[in-house]
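What follows is each chain in one-letter form.
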Amino acid sequence: MEPLQHLAHISVQARDFRCEGDIIIPRPGGYKGRVHDVLNAAEQFLALTDVTLHREDCADGHEPLLYTGLLLRKEEIQYVVP
């Protein structure tokens, strides 16, 4: 039996930061089974887990921030790399 969901690791560029994390893809290989489908869904927020957040000022020697979860408003996203 095929799993009902799987994790996809993505990189997201937002206005003031870049982050990497995992998102849940509901139906891998099927209807709504791509990162593109999750981004185009009606929900206003994108939920990421196991997140590494790189702020714009990280070039000044700041370490990236680690979070177990992050809700990102889709309007803030500039681009996503699966």
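The text that follows walks through the structure, step by step, so that each part is easy to find. Since the model is a prediction, treat every value here as computed from it, not as a measurement.

About the criteria used
- Residues numbered from 1 in each chain as written.
- Predicted model: local features only at pLDDT ≥ 70, side-chain atom pairs only at ≥ 80, totals over all residues.
- Heavy atoms only, no water.
- Helix = DSSP H or I, 4+ residues; strand = E, 2+ residues; numbered from the N terminus.
- Buried < 20%, exposed > 50% of the residue type's maximum accessible area, 1.4 Å probe, protein only.
- Contact = heavy atoms within 4.5 Å.
- Pairing = 2+ DSSP bridges.
- Axes fitted to C-alpha atoms, helices over the stretch in contact; angles between N-to-C directions.
- Polar contact = N/O pair within 3.5 Å; in protein donor to acceptor, adjacent residues only side chain to side chain.
- Core = buried A, V, L, I, M, F, W, Y, C linked by side-chain atoms within 4.5 Å.
- Salt bridge = Lys/Arg side-chain N within 4 Å of Asp/Glu carboxyl O.

We now examine the overall build of the protein chain. What the protein chain contains, in helices and strands, is 1 helix and 5 strands. Reading the protein chain from its N end, one meets helices and strands in the order β-β-α-β-β-β. In the protein chain, which comprises 82 residues, the proportion classed as buried is 30%. Put simply, 56% of the contacts in the protein chain that link residues at least 6 apart link residues at least 24 apart.

The strand order β4-β3-β2-β1-β5 describes an open sheet built from 5 strands, whose pairing is antiparallel. Looking at the sheet topology across the chains shown, the edges are occupied by β4 (65–73) and β5 (77–81). This sheet shows a mean twist of 35 degrees between the axes of neighbouring strands, independent of strand direction. Of the pairings in the sheet, the one linking strand β2 (residues 17–25) to strand β3 (residues 45–55) comprises 5 bridges and is antiparallel in character. Within β3, the residue paired with Asp22 across the bridge is Thr49.

Looking at where Gln13 falls in the secondary structure, it is placed in strand β1 (residues 6–14). Gln13 sits in the buried class, given a relative accessible area of 12%. Between the C-alpha atom of Gln13 and that of Gln78, which follows or precedes it by 65 residues, the distance is 5.5 Å. With sequence-adjacent residues up to four places away left out, Gln13 is seen in contact with Arg18, Glu56, Glu76, Ile77, Gln78 and Tyr79. Here the side chain of Gln13 touches Phe17 through a polar contact of 3.4 Å, landing on its backbone oxygen.

Ile10, Val12, Cys19, Ile23, Leu46 and Leu48 are the most contacted members of the largest nonpolar core, which has 16 residues in total. Within the residue set of this core, elements represented by two or more residues are β1, β2, α1 (35–39) and β3. Beyond its immediate stretch of four places on either side in the chain, Ile23 contacts His6, Leu7, Ala8, Ile10, Val35, Val38, Leu46, Ala47 and Leu48.

As enumerated under the stated definition, the model contains 5 salt bridges in all. We note a salt bridge from Glu76 to Arg15, for which the minimum N-O separation is 3.6 Å. Placement of Glu76 in the loop between β4 and β5 and of Arg15 in the loop between β1 and β2 is noted, with a sequence separation of 61 residues between them. For Arg15, a relative accessible area of 52% gives the class exposed. Between Asp37 and Arg34 there is a salt bridge, and its shortest N-O distance comes to 2.9 Å. Put simply, Arg15, Arg73, Glu75 and Glu76 are held in one network by salt bridges that share partners.

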